[in-house]
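Okay, here's what each chain looks like letter by letter:
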Amino acid sequence: IQSALDAIPASSSDTSPNVILVCSGVYQENRTISRNGVHLVGLGEAVLQSASESTPNTDAADTITIQEDGGTVPEQVILRNLHVTNSHNAQACVRVIGGADSDVGAVGVSIEDCNLTATGSGGYPLRASSMNLLRVQGGGMGSSVATALCLVEEVAEFYGNQRQAEKAVTFGIM
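Below, the structure is looked at part by part.

Bringing the overall build of the protein into the picture now. In terms of regular secondary structure, the protein is built from 2 helices and 14 strands. Along the three orthogonal principal directions, the C-alpha set of the protein runs to about 45 × 35 × 30 Å. The contacts in the protein between residues at least 6 apart in sequence include a share of 69% that link residues at least 24 apart. For the protein, the exposed surface amounts to about 8,200 Å²; the carbon and sulfur share of it is 49%. Of the charged side chains in the protein, 8 are positive and 18 negative; the average position of the first set lies 6 Å away from that of the second.

Attention now moves to the pairing of strand β5 (residues 46-49). Side chains Ala-46 and Leu-48 project from β5 onto one buried face, and the interleaved Val-47 and Gln-49 project onto a second face that is buried too. Bridge count between β5 and strand β8 (residues 83-86): 2 bridges; the pairing is parallel. Within β8, the residue paired with Val-47 across the bridge is His-83.

Before going further, it helps to examine the side chain of Ser-50. Mapped onto the elements of the fold, Ser-50 is located in the loop between β5 and β6 (64-67). A polar side-chain atom of Ser-50 sits 2.7 Å from a polar atom in the side chain of Glu-53. A polar contact is formed between the side chain of Ser-50 and the side chain of His-88, at a distance of 2.9 Å.

Basis of the calculations
Residues numbered from 1 in each chain as written. Predicted model: local features only at pLDDT ≥ 70, side-chain atom pairs only at ≥ 80, totals over all residues. Heavy atoms only, no water. Helix = DSSP H or I, 4+ residues; strand = E, 2+ residues; numbered from the N terminus. Contact = heavy atoms within 4.5 Å. Areas by Shrake-Rupley, 256 points an atom, 1.4 Å probe, with all protein chains shown as cover. Lys, Arg positive; Asp, Glu negative; His and termini not counted. Charge placed at Lys NZ, Arg CZ, Asp CG, Glu CD. Buried < 20%, exposed > 50% of the residue type's maximum accessible area, 1.4 Å probe, protein only. Pairing = 2+ DSSP bridges. Polar contact = N/O pair within 3.5 Å; in protein donor to acceptor, adjacent residues only side chain to side chain.

Written out as structure tokens, the structure is:
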């Protein structure tokens, strides 16, 4: 998957995006998205794990990192129909990193119908900081941290609508 992400041209944009289809299977690697107009779409049961998922806290890293790199800015990124896991302490399944006056997520980072599961101590399914627009719709989040499912700091706009949370209320599970 990272090879496909690295092959996306710098000319990719929200009006001319590049779509990467991820077939059913388990993929163990850390991924960095630094291009604009990236749509990472799972077909069937696509499971994305961190590179060292089977040995927690060895070379710990976030599973998917969305950030600027070398002058390219991911203004629009869509993650759809993926199951993303991370077993490392203090790491995230999906991490979005902006900065002062950053255009990361200027058009929007959307996480649609994804299941994010963080099992490491102090880990988060979703962690975002210093970015513009973040949308989460459908799917679900799970964490070993009983008090927090995601950490969102200094995000200009955040829209969340998760079906799993509605099911938890319906069945009285908190």
